[in-house]
Amino acid sequence: MPSSCLSSPYRLPKAGLLMQARARLRAGGVIAYSTESCFGLGCLPEDVRAIRRVLAIKARPNHKGLIVIAADVAQIRHLVKPLSAAQWAELGRYWPGPYTFLLPASRKVAPALRGRHDKIAVRITAHGEAAALCRAVGSALVSTSANRAGQRALKTARACRMAFGSAVLTLPGRIGKRRKPSTIIDFTSGRVLR
């Protein structure tokens with residue numbers, strides 16, 4: 001992995017705030033955190049109630065589905081149907097990086113997460129703070145832009161605190177240098193969707 005992929009330097013939030021984030025996630029809560037191009041709203045990808053909270057906070061239609069980011073493949077493997085070693089190697093050419101792939105969803109993935117699709121959108125993030133956060137909480141995270149549907153994505157922790165108040169635990173952080181959200185590719189067909 002080229003070191004230029006990672007946003008550097010990065011810092012995790014202070015231990016107390018990180019413990020709060022872990023507790024909030026385990027209790028079905030929602031957090032806001034920095035990503036490649038904006039702040040993201042996130043929760044644990046297995047927690048259907050928390051996913052519904054994210055959708056409600058954003059006023060996002062349920063049928064669209066959400067992206068999941070992770071620090072490494074081990075954090076997403078259970079969310080996708082089995083892939084061959086060659087397929088994982090092909091994905092490894094793009095990850096970590098700004099590429100989100102639609103992969104066949106395992107039966108463990110709730111419809112609230114994948115929307116009306118039979119695939120799930122996943123990315124191994126190259127954003128140092130987001131990857132470190134996934135490692136620290138020991139899980140992949142739902143990652144959708146921090147904004148209400150149809151509005152601009154928020155770029156600072158302060159903007160997130162003002163927009164969402166106590167409904168979301170906002171972590172300090174710096175977004176990466178990307179101006180656009182990740183590229184979304186259907187892995188089976190190779191079609192670029194965004």
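Above this text is the structure in question.
To start, this report covers the structure provided alongside it. (Residues numbered from 1 in each chain as written. Predicted model: local features only at pLDDT ≥ 70, side-chain atom pairs only at ≥ 80, totals over all residues. Heavy atoms only, no water.)

1. Things to note about the overall build of the protein
Item 1. Helix and strand counts for the protein come out as six helices and eight strands.
Item 2. Relative to a compact globule of 194 residues, whose C-alpha radius of gyration would be 16 Å, the protein shows 15 Å and is just as compact.
Item 3. For the protein, the spread of C-alpha atoms along the principal axes amounts to about 45 × 35 × 30 Å.
Item 4. Counting the 194 residues in the protein, one finds 50% classified as buried.
Item 5. A separation threshold of at least 6 residues defines the contact pool for the protein, and within that pool the share at least 24 residues apart is 68%. (Helix = DSSP H or I, 4+ residues; strand = E, 2+ residues; numbered from the N terminus. Rg over C-alpha atoms; globule rule 2.2 N^0.38 Å. Buried < 20%, exposed > 50% of the residue type's maximum accessible area, 1.4 Å probe, protein only. Contact = heavy atoms within 4.5 Å.)

2. Thoughts on the pairing of strand β3 (residues 67-70)
Item 1. Of the two faces of β3, the one carrying I67 and I69 and the one carrying V68 and A70 are both buried.
Item 2. As paired elements, β3 and strand β5 (residues 119-124) share four bridges and run parallel to each other. Counterpart to V68 in the pairing with β5 is V122.
Item 3. Bridging between β3 and strand β6 (residues 141-145) involves three bridges; their strand directions are antiparallel. (Pairing = 2+ DSSP bridges.)

3. As for the pattern of salt bridges
Item 1. Overall, the coordinates contain three salt bridges when judged by the stated rule.
Item 2. For E36, the salt bridge goes to R123, with nearest N and O atoms at 3.2 Å. With E36 in the loop between β1 (31-34) and β2 (39-42) and R123 in strand β5, this residue pair connects regions lying 87 residues apart in the sequence. Both residues of the pair, E36 and R123, count as buried.
Item 3. Of the charged contacts, one joins D186 and K119 as a salt bridge, the two residues approaching to 2.8 Å between their closest N and O atoms. On the criterion of sequence distance, the pair formed by D186 in strand β8 (residues 183-186) and K119 in strand β5 is long-range, its members being 67 residues apart. The burial state of D186 is the same as that of K119; both residues are buried. (Salt bridge = Lys/Arg side-chain N within 4 Å of Asp/Glu carboxyl O.)

4. Overview of the environment of Y94
Item 1. Looking at the element boundaries, Y94 is found in the loop between α3 (85-92) and β4 (99-104).
Item 2. In this structure the C-alpha to C-alpha distance between Y94 and I124, which are 30 residues apart in sequence, comes to 8.8 Å.
Item 3. Excluding residues that lie within four positions of it along the chain, Y94 makes contacts with Y99 and F101.

5. Comments concerning the sheet that holds β1
Pairing between the strands of a sheet is mediated by backbone hydrogen bonds and can be parallel or antiparallel.
Item 1. If you trace the eight strands from one edge of the open sheet to the other, you get β7-β1-β2-β6-β3-β5-β4-β8, paired in mixed fashion. The open sheet is flanked by β7 (169-170) and β8, the only strands paired with a single partner.
Item 2. The pairing of β4 with β5 spans four bridges and is antiparallel. Note on β5: the bridge partner recorded for L102 is A121.

6. Some words on the side chain of E129
Item 1. Tracing the sequence through the fold places E129 in helix α5 (residues 128-137).
Item 2. R174 provides the closest opposite charge to the buried, salt-bridge-free E129, at an N-O distance of 4.5 Å.
Item 3. A distance of 2.5 Å separates a polar atom in the side chain of E129 from a polar atom in the side chain of S34. (Lys, Arg positive; Asp, Glu negative; His and termini not counted. Polar contact = N/O pair within 3.5 Å; in protein donor to acceptor, adjacent residues only side chain to side chain.)

That is the geometry; function is a separate question.
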